[in-house]
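Chain by chain, the residues:
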Amino acid sequence: MDGLVLKGVSKSFGGVRAVDPTNLEFAKGELTALLGPSGCGKTTLLRMIAGLEDPTRGNILLDGADITALPAHKRKFGMVFQSFALFPHYSVRENVAYSLTIGGMSKSDAYAKAETLLDTVQLGGFGDRRIGELSGGQRQRVAIARALAQEPDVFLLDEPMSALDAKLREEMQVELRLLQQRLGITTIVVTHDQREAMTMADQIVVMSNGRVEQIAKPQEVYHKPANAFVADFIGKANFFDGVFADGGVQIGTLQLQTQAPFRSGSAVKVAIRPERAEIDDRPGENRIDAKVMFVRDLGPLREYHLETAIGPIIVEYAVGETGPSLATGDTTTVRLPPDALQVFPRGEAA
Amino acid sequence: MTVAEDISADPAEPAHRRARVWPVRRMLLATLTTGIVILCVVPFLLVFAISFGRKIDGAAWVWDFTLENYQRFFVGILWPEEVTFLYLQQLGYSFYFAVIASLLAVATALPFTLLLTRLKRSAQAIWLVFIMSSLSLSEVFIVMGWDILLSNNSGLPKLFKETGLTQWLKDVGWFQQLRDWGLANPRNVKFKTSDFATILTMSYLVWPYAVILLYPALSRLDPSLNEAARTMGAGRWTVTRTVTLPSIRLPLFGTTLLLFVFLLGTYVSVTVFAAPNKHTTAVAIYANIRGANLNAPFGATQAIMLLLSASVCLYLGHLFNKRADAR
C-alpha cells in the first residue's frame, strides 16, 4: 500500500511496555490523529515513526519500503514538537531555511523559499525577527513552516496546540487542517484533545495504555465507540452497570430495552450520550422517574443533572431546541431510547 | 526603584520604626563596604604602589615613584642602549600555555559533560561528587602525580621502552617526528621538559572546573532542539555544529575565559614541566618576590601587567560576545 504502514510495531523501555504491537495504515494525503490520555504511548509511537526511537519489534514501511532502520535525518519526515523546538540562536528566516541550507541549497535560494513558506503560514515580513520576539501562535507557525521546508513525505505534529490559549488553539486547528488539505501531505497529529482530533482528522486512532482501542473516522468514533473506554474518552456519556437478560439490560429492578446482542447473564456496561437522552413525561419503554438536581447553562447548551433509581443521568439540550423548562427540585421522567444505548462487555476501563 | 528602596519606602511601616532601622542598615552597609575595600582593593593598591618602588642593590627595596620597572618590563633596563623583550616573552608564554590548556580542557570536558547529562540522575550525582572531590587536591599534589607518570626513569617513557613501543616508533619512522617536537631524546621518548607535559597538566588541573561550569548549561539544553535538527536532515556532526555548540556558545565562552584567567597564574606545573626559557610571568613574579631575585617592585610590576593583560582579554571577550549577539 502507498503511504505509511506500521506492522506489529511495539516499544518497551526496560521491562515497561510503552506501546503494544500495533498495526496501522496512514493513507497518503490524509490527516490521522493519535488520540489518548497522557502516557498512553501516542508520542512514543510518533517518535518511532520519526526515527527518534527504535521500535523494539515490528516494521515501519513507507510506500512499500522498509524504513525501520533508517535514521531520523534520512527519513525526510517534517516534525513539529510540543515545545516547537525553534533554534533561539537563529532568526525566523534561518530557522525555516535550516533544512535547506544544511542540505546544500544556496543561502539566497533557501531564504527565498523560507519567505514563501512564511507567507504560506501568514508570517510574511517576520523573517528577520528573533524567536524570542514571537508570540506562541507565531512560534507554532514558524515551526510548521520549518517542518514543511524540506517538502516532507510525512508531516508529524506532537501536541502542536498544547502551548496555545483556547481561542488561538481553535483558530489554528482550522488553519492547520486547511493548510494540510491544500498541500496534501500525509500528516499524523498526536493530541489528547478530542475536539482537536475531531476538528482536524480524517481518521482517529484512539489509544490507551499503549494499545490501540479504535481506528475510525471522527463521527464513527463518537457515535459508534468500540468500547467503554472510547465512549468515555470521546465526548461525555452516562454509564450504568447491569446484566444482559431477556434481550435487555437489567439494572437493579429496572429492565432497559437495547438493540445490542449479548448472551443472557453477561455483565455489561451501558452508555448513553447526554444529547441522546430525553426528558419525556409520556408513558413508554425505557422511561425512568427522575429529580432535577442541578441545571447547568453553558451558553449554547443546557444540561440537566438528574437523580434516578439507576444513578445520576445528565441530559443535554441545545438552547433554542424544543426542550423542557425545568428547575432544580422538579420531578420528571427521563427516556433512554433503545437505539441510543451503547452496550459494552463489563470489565473494560471506562 | 530597587528592592531596597521599595522595602524602605513601605508605607505600612511606622515612621519612628523606619527612623530606627535606617542607621542600622547604613552601618551594616558601611561595614560591608569597608570590609570589601580592605580585603580586595587595598592589597591591589599596595601591589600597584610597590610597582613604582625601587630595588636597593644588596638589600630590599624602598618606596619611590619610578617608571623604571615598567620600562624594564617592556624593553629591558638597559634601554635605549640595549633592548630585551624577555619579560614580554614570559607574558607571551603565560598566554600561550593558558590559552591552549583552557581550550584543551573545555574541548575534552564538553563531550564528557554532554554524555554525563544523558546518564541517570543517580549516576550523574556520583560522577559530580567524584569530580568535585578531585578539586580538593592541591596543585602540588597533582603535579607530583604527573611528574611521576611522565618521569623519564620511571614513568611513561620507561613503559614505552620496556614494551618495545619506542623501538616500534623508530621502526615506523615516527620517532624522528617526536624528536622534532621535543618529545624524544636520541634514546627514548621524553615528556620532561616539554610544552606537551606543561599543557597536559595545566588542562588536567582545570578540567574538573570545566565540567562543573559546563554542566548546568548542558543539563538545561533542550533535547528536542537536537531532535528537531535530526528530523530536518542533520547528521550528528551537523547537529553539534549548528545547534548544540551555538546553543551553549555563551557558557562555553565564559568557561574558557574563566579557565584561561585561572591558568594565567599557574606556577607549579610550569616550574616542573616547562623548559626554563619558556617560564611564565607567574614564575617570574614568584622569583622576584619570594625567590632568588628579591625584587618586589619588579615582581609587582609584572603582576600588574599580568592583571591588565587578563582584563584586556576579558574585555575583548565581552565585546566579541556582544558583537556575536548583535549578529
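Just so it is clear, the structure is predicted and the values come from calculations on it, not from any experiment.

J.: Quick question: what am I supposed to make of the overall build of chain B here?
T.: Within chain B, the secondary structure is distributed over 16 helices and two strands. Computed over C-alpha atoms, the radius of gyration of chain B comes to 26 Å, more than 25% over the 20 Å expected from 2.2 N^0.38 for 327 residues, which places it beyond the range of a compact globule. Overall, chain B is about 90 × 70 × 40 Å in size when its C-alpha atoms are taken along their principal axes. Long-range pairs, those at least 24 residues apart, make up 61% of the contacts in chain B with a sequence separation of at least 6. For chain B, the exposed area adds up to about 19300 Å²; of that, 68% sits on carbon and sulfur atoms. Between the mean site of the 28 positive side-chain charges and the mean site of the 18 negative ones, chain B shows a separation of 7 Å.

J.: For this particular structure, what's the right way to read the interface of chain B and chain A?
T.: Frequently, the measure chosen for interface size is the accessible area removed from exposure when the parts meet. On the chain A side, the residues contacting the 18 residues of chain B number 21 residues. With both chains or domains summed, chain B and chain A bury close to 1600 Å², and 61% of this area falls on carbon and sulfur atoms. Inspection of the chain B/chain A interface yields one salt bridge. B:Glu227 is the salt-bridge partner of A:Arg47, the closest N and O atoms lying 2.6 Å from each other. The tally of links between chain B and chain A comes to seven residue pairs in polar contact (both at pLDDT 80 or more). Only α11 (223-231) and α12 (236-247) of chain B provide two or more residues apiece to the side of chain B that touches chain A. Looking at which element gives the most residues to the side of chain B that touches chain A, the answer is α11(B), with seven residues.

J.: Just checking my understanding: could you explain the confidence of the model for chain A for this structure?
T.: Caution applies to low-pLDDT parts of the model: their predicted coordinates are not meant to be read in detail. Looking at chain A as a whole, its pLDDT mean stands at 92, while 98% of the residues score no less than 70. Averaged over each element, pLDDT in chain A is lowest for helix α6 (residues 166-183) of chain A (88) and highest for helix α2 (residues 92-96) of chain A (97).

J.: Explain the environment of B:Leu264 to me, please; I cannot follow it from the model alone.
T.: Positionally, B:Leu264 belongs in helix α13 (residues 249-264). Taking C-alpha positions, B:Leu264 is 9.9 Å from B:Ser102, a pair spaced 162 residues apart along the chain.

J.: Help me understand the sheet that holds strand β2 (residues 16-26) of chain A in this model?
T.: Consider a sheet: its strands pair through backbone hydrogen bonds, and that pairing is either parallel or antiparallel. Residues and elements named next belong to chain A. The sheet built from four strands is open, its strands ordered β2-β1-β4-β5 with antiparallel pairing. Each edge of the sheet is formed by a strand with only one pairing partner; in this case those strands are β2 and β5 (65-66). The sheet contact formed by strand β1 (residues 4-13) and strand β4 (residues 57-62) spans five bridges and is antiparallel. Along β4, the bridge assignment pairs Leu4 with Leu62. Against the sheet, helix α1 (residues 42-50) contacts β1, β2 and β4, and its axis sits at roughly 120° relative to β1.

J.: Just to check I follow, could you spell out the domain arrangement of chain B for this structure?
T.: Residues and elements named next belong to chain B. Each domain of chain B was delimited in the assignment, giving domain 1 (3-50) and domain 2 (86-151 + 192-326). When each unit is reduced to the centre of its C-alpha atoms, the spacing between domain 1 and domain 2 is 36 Å. In this assembly, four residues from domain 1 lie in contact with six residues from domain 2. Together domain 1 and domain 2 conceal approximately 380 Å² of surface at their shared face, both sides included; 89% is due to carbon and sulfur atoms. Put simply, domain 1 and domain 2 have zero salt bridges between them. Counting across the domain 1 and domain 2 interface gives zero residue pairs in polar contact (both at pLDDT 80 or more). Grouping the constituent residues of the side of domain 1 that touches domain 2 by class yields four nonpolar, no polar and no charged.

J.: How should I be thinking about the packing of helix α4 (residues 86-117) of chain B against helix α15 (residues 281-289) of chain B in this particular structure?
T.: The description of two helices packed together rests on the angle between their axes and the distance between the axes. Residue and element names in this part refer to chain B. Closest axis-to-axis distance for the α4/α15 pair is 7 Å, and the angle between their directions is 125°. Between α4 and α15, the angle is such that the two are oblique. Between α4 and α15, the contacting residues are Tyr87, Gln90, Leu91 and Ser94 on the first element and Thr281, Ala282 and Ala284 on the second. For the contact of α4 with α15, the class distribution of residues is four nonpolar, three polar and no charged.

J.: Explain the nonpolar core here, please?
T.: Inside soluble globular proteins, nonpolar side chains tend to come together where they are buried. The biggest cluster of nonpolar side chains holds 47 residues, and the ones touching the most others in it are A:Val80, A:Ile144, A:Phe155, A:Ile204, A:Val206 and A:Ile234. Leave out the neighbours within four places in its chain, and A:Ile204 touches A:Ala33, A:Leu35, A:Ala197, A:Met198, A:Gln214, A:Ile215, A:Ala216, A:Pro218 and A:Val221. Formed by 43 residues, the second largest nonpolar core is a distinct cluster that contains B:Ala101, B:Tyr215, B:Ala217 and B:Leu263.

J.: Help me understand unusual backbone geometry, please; the structure alone is not making it clear to me.
T.: Note: most peptide bonds trans; most residues except glycine with negative phi. Here the residue pair B:Trp79 and B:Pro80 is connected by a cis peptide bond, since its omega of 10° sits within 30 degrees of zero. Secondary-structure assignment places B:Pro80 in the loop between α3 (68-75) and α4. Going from B:Lys192 to B:Thr193, the amide bond is cis rather than trans, its omega being -10°. Relative to the helices and strands, B:Thr193 resides in the loop between α9 (174-180) and α10 (195-220). Non-glycine residue A:Glu151 carries a positive phi angle of around 50°. Positive phi values are uncommon outside glycine, yet A:Asn209 reaches one of about 50°. Mapped onto the secondary structure, A:Asn209 falls in the loop between β9 (203-208) and β10 (211-216).

J.: Just to check I follow, could you spell out the sheet that holds strand β16 (residues 287-297) of chain A for this structure?
T.: Residues and elements named next belong to chain A. Taken in spatial order, the five strands of this open sheet run β15-β19-β16-β17-β18, and their pairing is antiparallel. Looking at strand neighbours, the two that pair on one side only are β15 (278-279) and β18 (311-318), the edges of this open sheet. Strand direction decides the pairing type here: β16 and strand β19 (residues 331-335), joined by five bridges, are antiparallel. Looking at β19, one finds that Arg287 is bridged to Arg335.

About the cut-offs
Residues numbered from 1 in each chain as written. Chains lettered and ligands numbered in written order. Predicted model: local features only at pLDDT ≥ 70, side-chain atom pairs only at ≥ 80, totals over all residues. Heavy atoms only, no water. Helix = DSSP H or I, 4+ residues; strand = E, 2+ residues; numbered from the N terminus. Rg over C-alpha atoms; globule rule 2.2 N^0.38 Å. Contact = heavy atoms within 4.5 Å. Areas by Shrake-Rupley, 256 points an atom, 1.4 Å probe, with all protein chains shown as cover. Lys, Arg positive; Asp, Glu negative; His and termini not counted. Charge placed at Lys NZ, Arg CZ, Asp CG, Glu CD. Buried area = accessible area lost by both parts, 1.4 Å probe. Salt bridge = Lys/Arg side-chain N within 4 Å of Asp/Glu carboxyl O. Polar contact = N/O pair within 3.5 Å; in protein donor to acceptor, adjacent residues only side chain to side chain. pLDDT = per-residue confidence, 0-100. Pairing = 2+ DSSP bridges. Axes fitted to C-alpha atoms, helices over the stretch in contact; angles between N-to-C directions. Domains from an automatic or database assignment. Nonpolar A, V, L, I, M, F, W, Y, C, P; charged D, E, K, R; others polar. Parallel < 35°, antiparallel > 145°, perpendicular 65-115°, else oblique. Core = buried A, V, L, I, M, F, W, Y, C linked by side-chain atoms within 4.5 Å. Buried < 20%, exposed > 50% of the residue type's maximum accessible area, 1.4 Å probe, protein only.

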